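Tertiary structure, described
Take a look at the letters that make up each chain.
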Amino acid sequence: MAAVGSYLRAAKTLPLNVKSARGTWAASCNYDVGRPALTYQLRGICQVDVEVQGLHQPLHSGNSGPVPDPVQILCAMIADLRKPNGALNVPGLYAKVARPSAKQLARIRKLPLSEAKFKKDSGMLPGVRLWGESQFSLLERMWTRPALTVIALEARPFLGSSNQIIEAARARLSLRTVPGMDAREAGRLIVKKLTTKPPYGVKVTVNVKGTTPWWTTDPEGPAFEAARGALKAGFGKETAMVGSGGTIGFVQPFADLLKGAPCILMGVADPNTQAHSENESLHLGDWVKAMRSTIHLYDALARLPRR
C-alpha cells in the first residue's frame with residue numbers, strides 16, 4: 001500500500017491527458033489456464049454485522065421450548081434474505097441495479113463455460129446444485145448481479161460448549177454490489193430489513209462496517225488495443241474480455257484521480273488458483289507468459305501517440 005500512496009501523491013503533481021494516461025494492475029484473473037483476459041468490471045462490497053440477543057446471559061437448555069434460541073433466530077433471519085428464486089429479499093435493493101449493455105452481454109455470451117467445469121473449478125461437492133437467479137447465466141450472476149455471502153458466523157465454539165441456550169449470536173454479511181448501486185444505501189436497506197419487526201421481539205443490532213465501490217469501464221480504445229495485442233503476443237491466444245465477481249478497492253479511486261483514464265486489469269490467476277483459500281497458487285507457465293505480455297504491453301503503451 002505504500003507504493004499505492006506514492007503513486008497517488010505523484011499523480012497529483014502530473015498534468016494528465018485522459019486520452020493518453022492509463023493505469024495498469026496485475027491483480028485480476030485469466031479466463032482459464034492459457035487463456036489471457038482483461039477485466040473491465042468489478043463488483044463492490046458492503047459489509048454488514050448483525051447481532052441477535054434474546055437473553056441477559058446463557059440459560060440451561062432444559063428451558064428450551066418456551067425460551068427462544070437467538071442462534072436459530074439469526075439463522076432464520078439470514079435465510080430470509082434470499083427468495084426461493086435466488087434473488088435477494090431486501091426491498092428496494094434492485095431499484096438501481098444497472099442492466100448490462102448489449103455489448104457487455106455479447107462479450108459474456110461469447111465466452112465458453114460449462115456448468116460442469118464451473119462446479120469443478122469452484123470445488124463444489126458432487127450433487128451440490130448451483131443457486132442464484134436462474135434466469136441469468138452463471139457469468140451474469142457472478143459479474144452483473146448483487147449477491148450475499150455469510151463470511152462469519154459466531155455463537156459458541158464446539159470447545160467449551162455446554163447444554164445452554166446461548167444469549168446472543170452474530171454474523172458478518174458481505175454484499176457484492178454492481179454498477180448503479182450505492183453501497184451505503186444498500187447497507188441501509190439491509191439494516192432496515194433486519195431490524196424491522198424482529199422475530200419474537202429479540203434485540204437486533206446491525207451495523208454497516210464498510211463499503212468499497214464497484215468499478216467499470218468501456219474496454220475500447222488505444223490502450224485496450226495495445227493490451228489485447230500484448231497478451232496475444234505473450235500467450236498466443238485471443239484475449240477474453242471479462243468482468244469479475246470480486247473487488248479491488250483502489251481501482252475506482254485511481255480512475256477518479258486520473259480523470260477517467262482507462263485502467264487495464266490483467267493478471268495471472270485462473271479458475272484453479274483457489275484465491276483466498278488453502279493452497280492458493282498460480283500456473284507457472286502462465287506466469288512466464290504474463291511476464292512476456294507485460295514487456296510487450298509497456299512497449300506498446302510507450303508507442304501510443306500523446307495527445
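Given the structure is predicted, the values throughout are model-derived calculations rather than measurements. (Residues numbered from 1 in each chain as written. Predicted model: local features only at pLDDT ≥ 70, side-chain atom pairs only at ≥ 80, totals over all residues. Heavy atoms only, no water.)

1. Thoughts on the overall build of the protein chain
Looking only at helices and strands, the protein chain has nine helices and 11 strands in total. For the protein chain, buried positions account for 37% of its 307 residues. Here the contacts in the protein chain between residues at least 6 apart in sequence split such that 80% fall between residues at least 24 apart. In the structure as shown, the protein chain presents an accessible area of about 17500 Å², 56% of it carried by carbon and sulfur atoms. (Helix = DSSP H or I, 4+ residues; strand = E, 2+ residues; numbered from the N terminus. Buried < 20%, exposed > 50% of the residue type's maximum accessible area, 1.4 Å probe, protein only. Contact = heavy atoms within 4.5 Å. Areas by Shrake-Rupley, 256 points an atom, 1.4 Å probe, with all protein chains shown as cover.)

2. Description of the pattern of salt bridges
Taken as a whole and judged by the stated rule, the model has 14 salt bridges. Residue Asp 299 is joined to Arg 303 by a salt bridge in which the shortest nitrogen-to-oxygen separation is 3.0 Å. Here the residue Asp 299 and the residue Arg 303 both occupy positions in helix 9 (residues 284-303), the gap between them amounting to four residues, near one helical turn. Residue Asp 299 is classed as partly exposed on the basis of its relative accessible area of 38%. When its relative accessible area of 65% is taken as the criterion, Arg 303 is described as exposed. Each of Arg 107, Asp 218, Glu 220 and Arg 228 takes part in a single network of salt bridges with overlapping partners. (Salt bridge = Lys/Arg side-chain N within 4 Å of Asp/Glu carboxyl O.)

3. Some points on the packing of aromatic side chains
Inspection of the entire model under this criterion finds one aromatic pair. Ring geometry for Phe 250 against Phe 254: centres 5.8 Å apart, planes inclined by 75°, an arrangement best described as edge-to-face. Phe 254 gets classed as buried once you look at its relative accessible area, which sits at 2%. Over the aromatic face of Tyr 40 sits the side chain of Arg 107, whose NZ or CZ is 4.9 Å from the ring centroid. (Phe/Tyr/Trp six-rings, centres within 6.5 Å; stacked < 30°, edge-to-face > 60°. Lys NZ or Arg CZ within 6 Å of the ring centre and 35° of its normal.)

4. Things to note about the sheet that holds strand 8 (residues 203-212)
What the four strands build is an open sheet, ordered 5-7-3-8; its pairing is antiparallel. Edge strands, defined here as strands with exactly one partner in the open sheet, are strand 5 (147-154) and strand 8. Mean inter-strand twist for the sheet, computed between neighbouring axes without regard to direction, equals 20°. Two strands pair when backbone bridges link them, and strand 3 (residues 44-53) and strand 8 are joined in this way by nine bridges, in the antiparallel orientation. Residue Gln 47 lies in a different strand from strand 8, and its bridge partner there is Gly 210. Along the sheet, helix 2 (residues 70-79) makes contact with strand 3, strand 5, strand 7 (168-177) and strand 8, crossing strand 7 at roughly 15°. Contacting strand 3, strand 7 and strand 8, helix 6 (residues 183-195) crosses the sheet at an angle of about 170° to strand 8. (Pairing = 2+ DSSP bridges. Axes fitted to C-alpha atoms, helices over the stretch in contact; angles between N-to-C directions.)

5. Here's the deal with the environment of Pro 213
Its location among the elements puts Pro 213 in the loop between strand 8 and strand 9 (215-216). With a relative accessible area of 38%, Pro 213 lands in the partly exposed category. A C-alpha to C-alpha distance of 8.8 Å links Pro 213 and Val 251, two positions 38 residues apart in sequence. For Pro 213, the contacting residues outside a window of four places in its chain are Arg 43, Gly 44, Thr 247, Gly 249 and Gln 252.

6. Quick notes on a nonpolar patch on the surface
Residues Leu 282, Leu 284, Trp 287, Val 288 and Met 291 make up a contiguous nonpolar surface patch of roughly 460 Å² in combined accessible area. Structurally, Leu 282 is set in the loop between strand 11 (263-265) and helix 9. (Patch = residues over 30% accessible without salt bridge, like charges linked within 9 Å, V, L, I, M, F, W, Y side chains within 5 Å.)

7. A look at the nonpolar core
Considering soluble globular proteins, one finds that nonpolar side chains tend to be buried as a cluster. Of all hydrophobic cores here, the largest spans 27 residues; its most connected members are Val 50, Leu 173, Leu 175 and Leu 194. Listed by contribution, the elements that provide at least two residues to this core are strand 3, helix 2, strand 7, helix 6 and strand 8. Considering each element in turn, this core owes the most residues, five residues, to helix 6. Grouped together as the second largest cluster of nonpolar side chains are 25 residues, Leu 111, Leu 139, Ala 223 and Met 241 included. (Core = buried A, V, L, I, M, F, W, Y, C linked by side-chain atoms within 4.5 Å.)

8. Points about the side chain of Asp 49
Along the polypeptide, Asp 49 turns up in strand 3. Polar contacts involving the side chain of Asp 49 include one to the side chain of Arg 172, which spans 2.7 Å. Ignoring any residue separated from it by four or fewer positions in sequence, one finds Asp 49 in contact with Ala 171, Arg 172, Thr 205, Val 206, Asn 207 and Lys 209. (Polar contact = N/O pair within 3.5 Å; in protein donor to acceptor, adjacent residues only side chain to side chain.)

9. Notes on unusual backbone geometry
Positioned with a positive phi, Lys 197 is a non-glycine residue whose angle comes to about 50°. Looking at where Lys 197 falls in the secondary structure, it is placed in the loop between helix 6 and strand 8. Of note, the phi angle at Tyr 200 is positive, near 60°, even though the residue is not glycine. Judged by its relative accessible area of 74%, Tyr 200 is exposed.

Note that all results are geometric; they support no functional claim without further evidence.
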